[in-house]
Amino acid sequence: MVGVGAGLGLGMEGTNCGALLKELQQIWTEVGESEGEKNKVLLDIERECLEVYRRKVDDANRTRVQLHQSVAAKEAEVASLMATLGEHKLYLKKDKGVVPLKEQLAAVVPVLEILKSKKDERIKQFSDIRSQIEKIRFELSEYNDHGDNASSVAAEEHDLSTRKLNTYQAQLRALQKEKSERLRKVLDYINEVHSLCGVLGIDFARTVNEVHPSLHQNGVEQSRNISNSTLEGLASTISKLKTERKSRIQKMRETMESLCQLWKLMDSPEGEKRQFSKVMSILILPDEGITSPGVLSEETIEKMEAEVGRLTKLKTSRLKEIVMKRRTELEEICQNAHIEPDVSTAPEQTDALIDSGCLVDPSELLANIESQISKAKEESLSRKDIMDRINKWIAACDEEAWIEEYNQDPKRYSAGRGAHINLKRAEKARILVTKIPSMVDNLINRTFAWENTRNKPFLYDGGRLISVLEEYRLSRQQKEEEKRRYRDQKKLESILLAEKEAIFGSKPSPKRMSSLNRKTNGYRPNGSANGLKTPNPRRSSLGSATPELLTPRSYSGHNRYFGDFKRLSTSHLNFGDDSLSTFTSISGSEPESPSLG
């Protein structure tokens, strides 16, 4: 224990460790620590001190190795840079056995930094020259294959000598000369394209972009492709633009000729002509002399064509107005005479002919309509007598329909206001109805005479009048015969009823009571229920029951009686059961009413 303590004391002489050891021994004395424990503690302290020394020695050795490696690496890098830059001045190494490692490292670092800086500057020079070379090659390239300049320089970093730099500079000067010659030719082409695009009103940027996008770049640093394909593309574009210019000039001259003809035909004012005066003055020049911007643009051509279209439509519209006016006059004449106009001059057909522009002469079309108007007037005049009689017959049929409805009204003899007016009208209607057969016979005779004279059928709204009248007369005779048989039957029933009453006494007749209570078949006094107003005859029956015959008459073809002969058969004239039930109601309620026959 004493030896250990002496060793520690010597090792720690003149330090705080000795004072601490003395203090520790004093504490042990006071405590009464055994010698074994004291020696054990002192041995632990000595072992820990040795470990600290060993670590420090290891750290110092590692630092020495790192310095050796750094110096060697720096010197190797210096040698590599000198070889790359082609420097002949050697780096002088100092004696490593005399000079400490840190001094050696401090000496090589500045040299390395100088060489690195020189290499960076040389790389920049190579990069600039290669960039210019690649840019010119890109402009001359057919496929615009722009190489990676950075990778090219990186691949040649092993040789950054002055000799190599001079080689690149000579290559750059040759390419610059070729570029200058091509660029002058490209600019001449572009100027010509710009002039033609201006005259034609075509987008210059889009036109040159179709040749190559680089041709419309405005920046100073922007490169233009000046390859053989670009030169050929510009030459081809100029040829196409010249062909387009020639085509447009021809088209505008033809359009202007049509425009001048329409101006003369429509007597257009000078104000409308003035907007095209500049175009007219330019079109008389030769093709090469037309250089005003936009004068041959699509917009100008469309404007001229729009004016031609407008004037053509105006001409067509005016012609249609004249034709339509005369056609309307023709239709009015035909409508009044109930004849069908010639379909060859129908509005849809005349409009189509006029719109075609070249299928018909307007003067011939108007002459045709005038001829049809003259014929229609002559036809109408020849039909006037028959038409007047047709109107009288229809009016008589209207009155017949009214009197039948009137006879069904159980209050027609009431003392209400207006009853006497209806009575007077009923008397006149009964007289007029008796004349209907003679009207029809006379009308048939006159129609036959008209047809024989002109050797053609008399048509009324498209149907033959004779056929309608004959069927009407036959249907009326059948109805009269039915009413006669019914009256005979009623007389027989009255005689039998009287005989029964004489035998069994007087009894009310069930049929008579039921007929008295039966609802009237369609007649309504006009106005309120007191029957003060004159009944309004429905134009729905002819004779006793002909609802199809007397609908309101019009030329338009809605006259169901005269419009379609197929609809005028006996089955459509309603001379059947409906007529019989109506007459039964009338006879049953008023057996003493006068006969309509």
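Parameters at a glance
- Residues numbered from 1 in each chain as written.
- Predicted model: local features only at pLDDT ≥ 70, side-chain atom pairs only at ≥ 80, totals over all residues.
- Heavy atoms only, no water.
- UniProt positions renumbered as here; feature names shortened; annotations may be inferred.
- Helix = DSSP H or I, 4+ residues; strand = E, 2+ residues; numbered from the N terminus.
- Buried < 20%, exposed > 50% of the residue type's maximum accessible area, 1.4 Å probe, protein only.
- Contact = heavy atoms within 4.5 Å.
- Expected span 1.5 Å × (residues − 1).
- Arc of directions from axis to C-beta.
- 1 Å grid on protein atoms, 1.4 Å probe; cavity = no way out; pocket = protein on both sides within 12 Å on 5 of 7 lines; lining within 4 Å.
- Points joined across faces, edges and corners; volume = space filled by probe spheres on them.
- Nonpolar A, V, L, I, M, F, W, Y, C, P; charged D, E, K, R; others polar.
- Phe/Tyr/Trp six-rings, centres within 6.5 Å; stacked < 30°, edge-to-face > 60°.

- Going by an unreviewed UniProt entry, the protein chain carries the name 65-kDa microtubule-associated protein 6 and comes from Paspalum notatum var. saurae.
- Here is the UniProt Sequence similarities (unreviewed entry) comment for the protein chain, exactly as written: "Belongs to the MAP65/ASE1 family."

Some thoughts on the overall build of the protein chain
So, step 1. A count of helices and strands for the protein chain gives 19 helices and 2 strands.
So, step 2. For the protein chain, buried positions account for 34% of its 597 residues.
So, step 3. A separation threshold of at least 6 residues defines the contact pool for the protein chain, and within that pool the share at least 24 residues apart is 74%.

What about helix α15 (residues 436-454)?
So, step 1. Taking 1.5 Å per residue, 19 residues should reach 27 Å; α15 reaches 27 Å between its end C-alpha atoms and fits that length.
So, step 2. All of the buried residues along α15 are Ile 436, Val 440, Leu 443, Ile 444, Thr 447, Trp 450 and Glu 451. Buried positions in α15, seen along its axis, are confined to an arc of 130 degrees and lie on one side of it. Turned more than 90 degrees from where α15 packs its buried face, Asn 445, Asn 452 and Thr 453 sit exposed.
So, step 3. Following α15 by one or two positions, Asn 455 has its phi on the positive side, about 55 degrees.

Some details on the layout of surface pockets
So, step 1. Counted as a void, the second largest pocket has a volume near 300 Å³.
So, step 2. Residue assignment for the lining of the second largest pocket shows that the elements contributing at least two residues are α11 (298-337), α13 (362-407) and β1 (459-460).
So, step 3. By residue number, the principal contributor to the lining of the second largest pocket is α13, which donates 5 residues.
So, step 4. Residues of the lining of the second largest pocket, tallied by class, amount to 9 nonpolar, 3 polar and 7 charged.

Some remarks on the UniProt feature "coiled-coil region" (unreviewed entry) in the protein chain
So, step 1. With numbering matched to this structure, UniProt assigns "coiled-coil region" (unreviewed entry) to residues 158-185.
So, step 2. Helix makes up 86% of residues 158-185 and strand 0%, with an end-to-end C-alpha separation of 40 Å.

A closer look at the packing of aromatic side chains
So, step 1. Taken as a whole and assessed by the stated rule, the structure comprises 5 aromatic pairs.
So, step 2. An angle of 90 degrees between the planes, with centres 5.7 Å apart, marks the rings of Phe 126 and Tyr 168 as edge-to-face. Taken as a pair, Phe 126 in helix α4 (residues 101-140) and Tyr 168 in helix α6 (residues 162-200) lie far apart in primary sequence, 42 residues in all.
So, step 3. Its relative accessible area of 2% is what places Phe 126 among the buried residues.
So, step 4. Ring geometry for Trp 393 and Tyr 472: centres 5.2 Å apart, planes at 70 degrees, overall edge-to-face. Of this pair, Trp 393 sits in helix α13 while Tyr 472 is found in helix α16 (residues 465-504), placing the two residues 79 residues apart along the sequence.

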